[in-house]
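So you can see what is in the structure, the chains are spelled out below.
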Amino acid sequence: MRTITLIALLLSCCLAWTQSENIQLKLSEHNLKIKYCINNFNYDLYNKLINTYEFDIDFSKKKQSLETKNAIWEVDSKFSETSAGTFDAIIQFILLKGTENNASVAVSFEIDNWSKSNYVLLPAAAYNGNRFESRKIPYSPKLNDYRDIGPLKPIIISDVPRLNLHEGPSQIQERSGSMTTPMIGFHSYNQKKGLLLTTTQANIWGDYGISITETRPETGAKAIISISSPLVREGFKYEIANHAIASPDKPANFKIGDTIKFIIRLRLFESEKLSNLYENYYKARYDLTPVSVPNYIYPFSECFNTIEQKFNTQNFVPEWGYYAVGMRENFLQDWQIGWTGGMISTYPLLFSNNTKTIQNVIANFNWLFPNGISPSGFFWDSGEKGNKWYGGDIRRPQFENLHLIRKSGDGLYYIIKQFDLMKKRNIKIEPEWHNGVKTVANAFVKLWQKWEQYGNFVDSRTGDVVVGGSTSGAIVPAALALASEYYQNPLYMKVAKLSAQKMYNDYVAKGITCGGPGDALQNPDSESAYAMLESFSILYEKTGEPQWLEYAKEMALQFATWVMAYDYNYDYDSTCLFGRMKMKTKGTVFANTQNKHGSPGICTYSGLALMRLYRATSQSHFLELLQEITLSIPQYMSHNTRTIADMPAGWINERVSTTDWFEGIGEIKAGSTWAETAMLLTATELPSVYVDIKFGKIYCFDHLQTQIIKNNQNFIHIKVHNPTNFTSQFNVFLENKEMKSKAWTENQLFD
């Protein structure tokens, strides 16, 4: 027995030694070292770092002793290789003797041979490390220096956490809740390697700190990625468009017996091109994510009816005949052609069976045309009081005539879709509507032919690019593709393809989409990311050309980084609003790297491109991502039976905060926003239930529960259960292989 025990012990030691050697070899191949750190801060000096104790990990030991000036620590660790290049670590710091005041502990990953050309990703927080020119301008930032304004200027972002584009100190400090997945990674263009480091959102000390720091290049370029606990941001924290708010974080005063636990997964991989980073990101997205069950509260039909009533009683302006964007408290909440409402909102309302709603939509068209077209040929940017039209942001003199180009792109895209729906509903398309929209399509062609870009902002008087660059016009290729069919004009399709290819080359292939929102300079954003996906998917369906499918697949993975992959732990005993209401954050969509909040839905789309992509590829993760988004939205709608922040029924606030960027974690103020339109679009453009007969798969986007009971060549038997307290009017869309091979036509569900 002793001999057997001794042999088993020796085998165990040999296996541990072999695994330790293998881990160290893999780390070495990626120029990587792992260290334990104990950091001390001066809280009175806003968390100035005054001392760091660093300890190299001894992988041959499960337990390791660390000694500081006033304390003795033990680190109990377990490292394992779960698959080739993927390592799991459970690490626990335990204070054995003494005290450690004003402190935080960390696991640090030191990368040698670092290059500033490396593309750094923190999902929804930093793209290419946010390594762009930056300007400190209060919210809502608009460029105010003539030297920054021009058609060929570089990307300029607001004052957000970022790595230094130039020489000098370079660091990003984030908290885990500020990302859609608590993760940091990079792609090395020079070494063709990639890394993704994932942790959980929090331990008993709260959110983790996640940071990356670059060293002086002349002393040997390195980057240090750290996961720390408790969260202590040195000097400053970020609030909206301002990265110079005094750090409120409190270091811990550790005492004997205190423990700090880290759960980490490290992925190391070959990365020939940037898209490999995003492919690995999607694999890693659920690495440490607990299973989530949606809040089944309101079926889509209840959401649609509630919001429709709200739009008819609160948004519609009867004296002029149009649907205001919001409650008309300012000009941007009165009328915008696109982005947050306007002619986007009329589209899902046109699906209604309510005669009054249809009359209101028709009135909206009559009100818009021809007065809603600016001298440039684009739509007027915004307006108020029914008869005042504005070319841009009237709050900023230098921008009063500058039109956010995505707004006219949205207007063109959604009005063409409405023309198709009107034909199916036997609603007459008036000549002024027809000709007005054609004027906008022609303006885009003229813009492209002159500038070979759509820019970010154009002059509403001349149609010239004033602020260039960006993917603000990401939806325009899709809009022109639809316009090409409607007006039987092949030039529109030609421009659509040329412009989509250029945006792919200049931005998507480099991991950047920006310029979608009008209030965030050119910070990377989810809005233009999704719009780019919509354009690529429609170009593929209209042309059958394979490159658009490849671009769409690539874009979908980039867009996925903006979608919350887990339910933030609001601590359900806490006093925050979303904690009390037991809100689930999985599936919310972060806005941009400036406005650091999730949102109920995509601004402002249904997500239909993900279904188009599934139909072309049969890759289930596209529909699974879509499910996350759609199932999340209804819980955020205020309702007579469940009021949120004292909002009237049908209101949906755009903000789901999981970080301390503005109002507070888990808090909102009352507000009627574009998220209501996103819910309407979701309820009309997507089926409640989608069944792929060939693969025997069922996907439910509505607040229903479904399963396939039996499936054979002759019939399929499915079960649909309504777990809510409301009647559900739902539809089921079934497809076989032959049906999937045909393009998804506009307004297909209305047919």
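The coordinates are above.
What counts, and at which threshold
Residues numbered from 1 in each chain as written. Predicted model: local features only at pLDDT ≥ 70, side-chain atom pairs only at ≥ 80, totals over all residues. Heavy atoms only, no water. Helix = DSSP H or I, 4+ residues; strand = E, 2+ residues; numbered from the N terminus. Rg over C-alpha atoms; globule rule 2.2 N^0.38 Å. Buried < 20%, exposed > 50% of the residue type's maximum accessible area, 1.4 Å probe, protein only. Contact = heavy atoms within 4.5 Å. Areas by Shrake-Rupley, 256 points an atom, 1.4 Å probe, with all protein chains shown as cover. Lys, Arg positive; Asp, Glu negative; His and termini not counted. Charge placed at Lys NZ, Arg CZ, Asp CG, Glu CD. Polar contact = N/O pair within 3.5 Å; in protein donor to acceptor, adjacent residues only side chain to side chain. Pairing = 2+ DSSP bridges. Axes fitted to C-alpha atoms, helices over the stretch in contact; angles between N-to-C directions. Parallel < 35°, antiparallel > 145°, perpendicular 65-115°, else oblique. Left-handed = near helix turned anticlockwise from the far one by under 90°. Nonpolar A, V, L, I, M, F, W, Y, C, P; charged D, E, K, R; others polar. Core = buried A, V, L, I, M, F, W, Y, C linked by side-chain atoms within 4.5 Å. Phe/Tyr/Trp six-rings, centres within 6.5 Å; stacked < 30°, edge-to-face > 60°. Lys NZ or Arg CZ within 6 Å of the ring centre and 35° of its normal.

Caption draft 1: Inspection of the overall build of the protein at higher detail. From N to C terminus, the protein includes 16 helices and 34 strands. In terms of overall dimensions, the protein is globule-like: its C-alpha atoms have a radius of gyration of 27 Å, near the 27 Å expected for 751 residues. Its C-alpha atoms give the protein principal-axis dimensions of about 90 × 70 × 50 Å. A burial count over the protein gives 62% of its 751 residues as buried. Within the protein, counting contacts between residues at least 6 apart in sequence, those at least 24 apart form 69% of the total. Only carbon and sulfur atoms are counted for the fraction: they give 51% of the accessible area of the protein, which is about 28700 Å². When the 75 positive and 75 negative side-chain charges of the protein are each reduced to one mean point, those points stand 2 Å apart.

Caption draft 2: Spotlight on the side chain of Glu541. The residue Glu541 is located in helix H10 (residues 526–543) in this model. A polar atom in the side chain of Glu541 sits 3.3 Å from the backbone nitrogen of Trp744. For Glu541, the residues in contact, after removing those within four places along its chain, are Arg612, Arg615, Ala743 and Trp744.

Caption draft 3: Focus on the sheet that holds strand S25 (residues 382–384). Ordered in space as S24-S25-S26, the three strands form an open sheet in which the pairing is antiparallel. On the outer flanks of this sheet lie strand S24 (335–336) and strand S26 (388–390), each paired with one strand and no other. Two strands pair when backbone bridges link them, and S24 and S25 are joined in this way by two bridges, in the antiparallel orientation. Residue Trp335 lies in a different strand from S25, and its bridge partner there is Gly383.

Caption draft 4: Inspection of the pairing of strand S31 (residues 697–700) at higher detail. Both strand S30 (residues 689–692) and S31 contribute to a ladder of four bridges, which runs antiparallel. Each bridged residue has a counterpart across the sheet, and for Tyr690 the counterpart in S31 is Tyr699. Counting the residues between successive antiparallel strands, the hairpin from S30 to S31 contains four residues, one of them, Gly696, with a positive phi of roughly 65°.

Caption draft 5: Region of interest: the sheet that holds strand S28 (residues 457–459). On the basis of which strands lie adjacent, the open sheet formed by three strands has the order S27-S28-S29 and antiparallel pairing. The two strands at the open ends of the sheet, each matched to only one other strand, are strand S27 (402–404) and strand S29 (465–467). On average, each strand axis in the sheet is inclined to that of its neighbour by 45°, with strand direction left out of account. The sheet contact formed by S28 and S29 spans two bridges and is antiparallel. Opposite Phe457, over in S29, you have Val467 as the bridge partner. Its contacts with the sheet put helix H6 (residues 405–424) on S27 and S28, and the angle it makes with S27 is roughly 50°.

Caption draft 6: Examining the packing of H10 against helix H11 (residues 546–560) more closely. Here H10 crosses H11 at 155°, and the two axes come no closer than 8 Å. One way to sum up the angle between H10 and H11 is to call them roughly antiparallel. Pair H10 / H11 crosses with left-handed handedness. Taking contact as the criterion, the partners of Ser526, Ala529, Tyr530, Met532, Leu533, Phe536, Ser537, Leu539, Tyr540 and Thr543 in H10 are, on H11, Pro546, Trp548, Leu549, Tyr551, Ala552, Met555, Ala556 and Phe559. Tallied by class, the residues present in the contact of H10 with H11 amount to 15 nonpolar, three polar and no charged.

Caption draft 7: Spotlight on the environment of Asn712. Along the chain, Asn712 turns up in the loop between strand S32 (705–711) and strand S33 (716–721). Separated by 18 residues in sequence, Asn712 and Lys694 place their C-alpha atoms 9.4 Å apart. A distance of 3.0 Å separates the side chain of Asn712 from the backbone nitrogen of Phe715, its partner in a polar contact.

Caption draft 8: Expanded view of the nonpolar core. Judged by nonpolar contacts, the single largest core of 170 residues is most densely connected at Phe419, Phe444, Tyr454, Leu480, Phe536 and Phe559. Apart from residues lying up to four places away in sequence, Phe419 is in contact with Phe365, Ile429, Trp433, His434, Val437, Tyr486 and Tyr487. Among the nonpolar cores identified, the runner-up in size contains 50 residues, and Ala89, Leu95, Tyr208 and Leu266 belong to it.

Caption draft 9: Spotlight on the packing of aromatic side chains. Under the criterion given, the structure shown has 50 aromatic pairs. Note on Tyr322 and Trp335: the rings are 6.0 Å apart at their centroids and 90° apart in plane angle, and the pair reads as edge-to-face. Linking Tyr322 in strand S23 (residues 322–323) with Trp335 in strand S24, this pair joins segments that are 13 residues apart in sequence. On the basis of relative accessibility, which here comes to 0%, the residue Tyr322 falls in the buried class. You can call Trp335 buried: its relative accessible area is 1%. What links up through ring pairs into an aromatic cluster is the set Tyr347, Phe351, Tyr413, Tyr414, Tyr530, Phe559, Tyr605 and Phe750. Between Lys310 and the ring centre of Phe311, over which it is positioned, the NZ or CZ distance is 4.9 Å.

Caption draft 10: Here's a closer look at the pairing of strand S3 (residues 63–67). The two faces of S3 differ: Gln64 and Leu66 on one face are buried, but Lys63, Ser65 and Glu67 on the other face are not. Inspection of the sheet shows S3 paired to strand S4 (residues 71–83) by five bridges, in the antiparallel sense. Considered in S4, the bridge of Gln64 is made with Val75. Taken together, S3 and the strand that follows it, S4, pair antiparallel across an intervening segment of three residues.

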